[in-house]
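Structural characterization, general
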Amino acid sequence: MIVSSFRPAKLLGASALAASLCFGVSAPAAAQETIDQDTVLATVNGYEITELEARLAGQDFAEQMQRVPADQRRAVVVDALIDLHLLAMAADEAGLDESSEFERRMAYQEARTLRTAYLVEIVAAQVDDGAVRAAYDEFVTGFDPVEERRARHILVEDQETAMELIGQLNGGADFAELATEHSTGPSGPSGGDLGWFSRGRMVPAFEEAAFGLEPGSYTNEPVETRFGFHVILVEETRDSEPPAFEAVASDIQQSLLQQRFAEVIGGLRESASIDYQLEGLTPPAAAE
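Presented here is a report on the structure given in the accompanying data block. (Residues numbered from 1 in each chain as written. Predicted model: local features only at pLDDT ≥ 70, side-chain atom pairs only at ≥ 80, totals over all residues. Heavy atoms only, no water.)

Turning next to the environment of Asn 170. The topology assignment puts Asn 170 in helix H7 (residues 159-170). The exposure class of Asn 170 is exposed, given its relative accessible area of 53%. Between the alpha carbons of Asn 170 and Asn 220 there is a distance of 9.0 Å; along the sequence they are 50 residues apart. (Helix = DSSP H or I, 4+ residues; strand = E, 2+ residues; numbered from the N terminus. Buried < 20%, exposed > 50% of the residue type's maximum accessible area, 1.4 Å probe, protein only.)

On inspection of all chains with the given rule, the structure shows four aromatic pairs. Ring geometry for Tyr 136 and Phe 245: centres 5.3 Å apart, planes at 75°, overall edge-to-face. Here Tyr 136, found in helix H6 (residues 129-141), pairs with Phe 245, found in helix H10 (residues 245-271); they are 109 residues apart in sequence, far enough to count as distant. Take Tyr 136 and Phe 245: they sit in the same class, and that class is buried. Ring geometry for Phe 197 and Phe 211: centres 6.1 Å apart, planes at 80°, overall edge-to-face. Of this pair, Phe 197 sits in strand E4 (residues 193-198) while Phe 211 sits in the loop between helix H9 (204-210) and strand E5 (223-225), placing them 14 residues apart in sequence. (Phe/Tyr/Trp six-rings, centres within 6.5 Å; stacked < 30°, edge-to-face > 60°.)

Before going further, it helps to spend a moment on helix H4 (residues 73-93). Helix length check: H4 (21 residues) gives 30 Å between terminal C-alpha atoms against 30 Å at 1.5 Å per residue, within 8%. For H4, the set of buried residues is Val 77, Val 78, Leu 81 and His 85. For H4, the arc enclosing every buried residue in end-on projection is 95°, short of the 170-degree limit, so these residues lie on one face. When the buried face of H4 is taken as reference, the exposed residues oriented beyond 90 degrees from it are Ala 75 and Leu 87. Two residues or fewer past H4, Gly 95 is found with a positive phi of approximately 80°. (Expected span 1.5 Å × (residues − 1). Arc of directions from axis to C-beta.)

Bear in mind that shape data such as this cannot, by itself, settle questions of function.
Below you can see the structure in the form of structure tokens.
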């Protein structure tokens, strides 16, 4: 079940990290390129550097590439790949590829690449537009509206000033103008406008006063909170409505992706044989 706020579900430890690394990456730029990925861009001692390799390198160094003019990025990446392969060839000639450390590094890189491919091509493929829409429709069906109020307030430091302002309001003064002139709160410049809010969003004393007023009325006595003394005007009331699909589709997708990831990795762990060889490595959740 998707949470009503559509905030991505929390995952524990390495699982959360893995999910964020895999699903937090934007779509590769390759989808927008016109050059075929098999096109050879350069050769180094007979080794062919292809467009696909340049795209992969460009993704790895995306942050650094932002400082390079767009029309020069491919050339910069290819030049870096030439240096990379020259050094790799030198390492190969030196026999560094025969060490056990190298083999373990290669095994790690292979596992990392396969992990990402599986999550993108298998797991993420299950969270398509239809799944996102279905989750949104389910949320809307079960949506329980709550009362919301739109209010303004004037915040001052002492009760005496607040009472003087209430006197001016009783005499016909404009609330927004008084808030702009006297309120010390951040909403002062906008006439004290607090926008729409529901219960639980304001400090208790403020909330109790605001939800006890009829639309168009203001507090006859100052409301004291830890911020100071408030004069509150309630302008409108309404029942909340579910957010538009477009406003939450991305959050729904991320939530579904993380939930599906948790299901997949949970199933794999359950069926796997995992033995921790040193004490203190067992995660708390696994221990429970």
